[in-house]
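The lines below spell out each chain.
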Amino acid sequence: MSTTAEPAATPTERAAEPRQAVHGRLPSLTGLRFIAALLVFCYHSSLALPALNPFASKDIADGYRWLFGNAGWAGVSFFFILSGFVLTWSARPGDPPRHFWRRRFFKIYPNHLVTWVLALALLSGATTQWWQAVPNLFLVHAWIPEFSVFLGVNPPSWSLACELFFYLCFPLFLHGIKRIPPAHLWRWAAGTAAAVVAVPTLAYLLLPGDPPMPEGSPASVWQYWSVYMLPPVRALDFVLGMLMARIVVTGRRFGVRPLPAAAACLAAYALSLYVPWLYALDAVFVIPMALLIPAVALQDVSGRPSPLRGRAAVWLGEVSFAFYMVHLILLNVVREHLLGPDTFFGTAAGIGVLVLEALATLAVAWLLYAAVEKPAMRHLGRTRKAQP
């Protein structure tokens, strides 16, 4: 990932920051990105409304929905924390903010524009109003507490509205975090994680319980939007990722290994199936994921073996953003135009349908990555050197 401007390090900082950590590549984190994108795919393919869940048996359909009902939220939390971590890890000293903003804009916006057009053309163009489509086009829809707006057109794009806000704030965030004495970074990380956990508590206490969310979700639109969608709130995840990167880069003690951290993430997911709903949107995942990401990064830095570092895993990670952007469009196209709204399958055939949908999404994602994302970054994201 690209990074932003940061002031030149002081001699003390340079002595404290291991060179290979600052400049080392993190292919295992790239590989891990696809797992998070696949979790979001599993979440959306489990939905009963719209009827994306392919299973005819109510018990099997309900079981699939129960198992992956929180997977999308876990995947998004991972992406936000990872974004803050990687951008801080790879921040270039002396890089002007405008160069950083240019790179990040052309990383996310071309894919968004193409999928926005596809979603309107193939799915929702006849029913989407201008006041729903225009905020989505300009990536400001996550700021609007209206269900048909923040989840309109191509619903996964709401997270890009948050990322755009993170990118705009990143130079300021980085300047402030670099001023924190290294010995205090763990305290700041703990405080930020505590703030994430406090958000749903405040939403339950202070925000109105109406209007209700669709599908009988046990919270109001206001509560859901403020906890899960609102960019300044989700910036807490991003900042926590930045703090964890600074903890590692400045040589703070970090004794967590990837396997225990991954086990903690699985335990958190199991817990999310039973906690009050708003806590399952983010709060329950934030601490184990904030530990998993630096643990995997340090595995790369140390050169220890990692199954996520292989060529196939890294390639999947590279196309994961495109996969994330196209998957819900493809799921809906398959249901509406190929299968029909009343076609469901037995267990084995339903699993086969899911596998084929995932493979088809991967193929379309590769096309989007190769034809749009990579060329945009190569030709538009690069900063041209000034002529002498």
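What counts and what doesn't
Residues numbered from 1 in each chain as written. Predicted model: local features only at pLDDT ≥ 70, side-chain atom pairs only at ≥ 80, totals over all residues. Heavy atoms only, no water. UniProt positions renumbered as here; feature names shortened; annotations may be inferred. Helix = DSSP H or I, 4+ residues; strand = E, 2+ residues; numbered from the N terminus. pLDDT = per-residue confidence, 0-100. Contact = heavy atoms within 4.5 Å. Salt bridge = Lys/Arg side-chain N within 4 Å of Asp/Glu carboxyl O. Buried < 20%, exposed > 50% of the residue type's maximum accessible area, 1.4 Å probe, protein only. 1 Å grid on protein atoms, 1.4 Å probe; cavity = no way out; pocket = protein on both sides within 12 Å on 5 of 7 lines; lining within 4 Å. Points joined across faces, edges and corners; volume = space filled by probe spheres on them. Nonpolar A, V, L, I, M, F, W, Y, C, P; charged D, E, K, R; others polar. Phe/Tyr/Trp six-rings, centres within 6.5 Å; stacked < 30°, edge-to-face > 60°. Lys NZ or Arg CZ within 6 Å of the ring centre and 35° of its normal. Axes fitted to C-alpha atoms, helices over the stretch in contact; angles between N-to-C directions. Parallel < 35°, antiparallel > 145°, perpendicular 65-115°, else oblique. Left-handed = near helix turned anticlockwise from the far one by under 90°. Patch = residues over 30% accessible without salt bridge, like charges linked within 9 Å, V, L, I, M, F, W, Y side chains within 5 Å. Areas by Shrake-Rupley, 256 points an atom, 1.4 Å probe, with all protein chains shown as cover.

K.L.:
Is there a simple way to explain the UniProt feature "domain: Acyltransferase" (unreviewed entry) in the chain in this structure?
P.N.:
Here the UniProt-annotated "domain: Acyltransferase" (unreviewed entry) positions come out as residues 28–369. With 73% helix and 1% strand, residues 28–369 has end C-alpha atoms that lie 19 Å from one another.

K.L.:
How should I be thinking about the confidence of the model for the chain in this particular structure?
P.N.:
Low pLDDT marks regions whose predicted coordinates should not be analysed in detail. With 92% of its residues at a pLDDT of 70 or more, the chain has an overall mean of 91. Note on residues 1–23: pLDDT is under 50 here. Beyond four places in sequence and across chains, it has 63 contacts.

K.L.:
Just to check I follow, could you spell out the pattern of salt bridges for this structure?
P.N.:
Between side chains of opposite charge, a pair can form when the charged atoms approach closely. The final tally for this structure, using the stated rule, is six salt bridges. Here Arg 103 makes a salt bridge to Asp 95, at a shortest N to O gap of 2.5 Å. Among the salt bridges present, the one from Arg 234 reaches Asp 282, with a minimum N-O distance of 3.5 Å. On the criterion of sequence distance, the pair formed by Arg 234 in helix H12 (residues 231–249) and Asp 282 in the loop between helix H14 (277–280) and helix H15 (283–302) is long-range, its members being 48 residues apart. For the residue pair Arg 234 and Asp 282, the accessibility class agrees, reading buried in each case. Beyond isolated ion pairs, a larger network of salt bridges with shared partners links Arg 234, Asp 237 and Asp 282.

K.L.:
So what exactly am I meant to see when it comes to the layout of surface pockets here?
P.N.:
Empty space among the atoms becomes apparent when a probe as large as a water molecule is rolled across them. For the largest pocket, the calculated volume is near 1,100 Å³. Forming the walls of the largest pocket are 44 residues, and the residues nearest its centre are Tyr 43, Leu 47, Leu 49, Leu 151 and Glu 215. Where the lining of the largest pocket is concerned, the elements lending two or more residues are helix H3 (27–45), helix H4 (58–68), helix H5 (71–89), helix H6 (97–124), helix H8 (147–150), helix H11 (221–229) and helix H17 (320–339). Here the element with the most residues in the lining of the largest pocket is H17; it accounts for five residues. In terms of residue class, the lining of the largest pocket is built from 29 nonpolar, 12 polar and three charged.

K.L.:
Please clarify how the environment of Trp 222 should be interpreted in this entry.
P.N.:
Along the polypeptide, Trp 222 turns up in helix H11. For the pair Trp 222 and Ala 312, spaced 90 residues apart in sequence, the C-alpha separation works out to 41 Å.

K.L.:
Got a minute to help me understand the packing of aromatic side chains in this structure?
P.N.:
Aromatic ring pairs are described here by two measures, namely the spacing of the ring centres and the angle between the planes. The tally for this structure, following the rule as stated, stands at 28 aromatic pairs. Between Trp 158 and Tyr 228, the aromatic rings sit 4.7 Å apart at their centres with planes inclined by 50°, giving tilted as the arrangement. In this pair, Trp 158 is assigned in helix H9 (residues 158–178) and Tyr 228 in helix H11, connecting sequence segments 70 residues apart. As far as the burial class goes, Trp 158 and Tyr 228 line up, both buried. If you follow Arg 335 out to its NZ or CZ, it ends over the ring of Phe 344, 4.7 Å from the centre.

K.L.:
I would appreciate a short explanation of empty space enclosed by the protein in the present structure.
P.N.:
In total, this model carries three cavities of 30 Å³ or more according to the counting rule given. As a volume, the second largest cavity reaches approximately 50 Å³. Surrounding the second largest cavity, Val 196, Val 199, Pro 200, Val 227, Val 233, Arg 234, Asp 237, Asp 282 and Ala 283 form its lining. Counting residues per element, the ones that place at least two in the lining of the second largest cavity are helix H10 (185–206) and H12. Of the residues assigned to the lining of the second largest cavity, the class counts are six nonpolar, no polar and three charged.

K.L.:
What exactly am I supposed to notice about the packing of H5 against H9 here?
P.N.:
Angle between the axes and distance between the axes: these two values describe a pair of packed helices. For the pair H5 and H9, the least separation of the axes is 11 Å and the interaxial angle reads 30°. As summarised for this structure, H5 and H9 are arranged roughly parallel, according to the angle between their axes. Pair H5 / H9 crosses with right-handed handedness. Contacts between H5 and H9 involve Val 76, Phe 79, Phe 80, Ser 83, Leu 87 and Thr 88 on the former and, on the latter, Trp 158, Ser 159, Cys 162, Glu 163, Phe 166, Tyr 167, Phe 170 and Leu 174. Residues of the contact of H5 with H9, tallied by class, amount to 10 nonpolar, three polar and one charged.

K.L.:
I keep staring at the environment of Gly 346 and nothing clicks. Help me out?
P.N.:
Relative to the elements of secondary structure, Gly 346 occurs in the loop between H17 and helix H18 (347–381). You can call Gly 346 partly exposed: its relative accessible area is 43%.

K.L.:
Looking at this structure, I do not really get a nonpolar patch on the surface. What am I missing?
P.N.:
On the surface, a cluster of nonpolar side chains totalling about 650 Å² of accessible area is made up of Trp 130, Trp 131, Val 134, Phe 138, Val 140 and Trp 143. Inspection of the secondary structure assignment puts Trp 130 in helix H7 (residues 130–137). Look at Trp 130 and you get exposed, because its relative accessible area is 65%.

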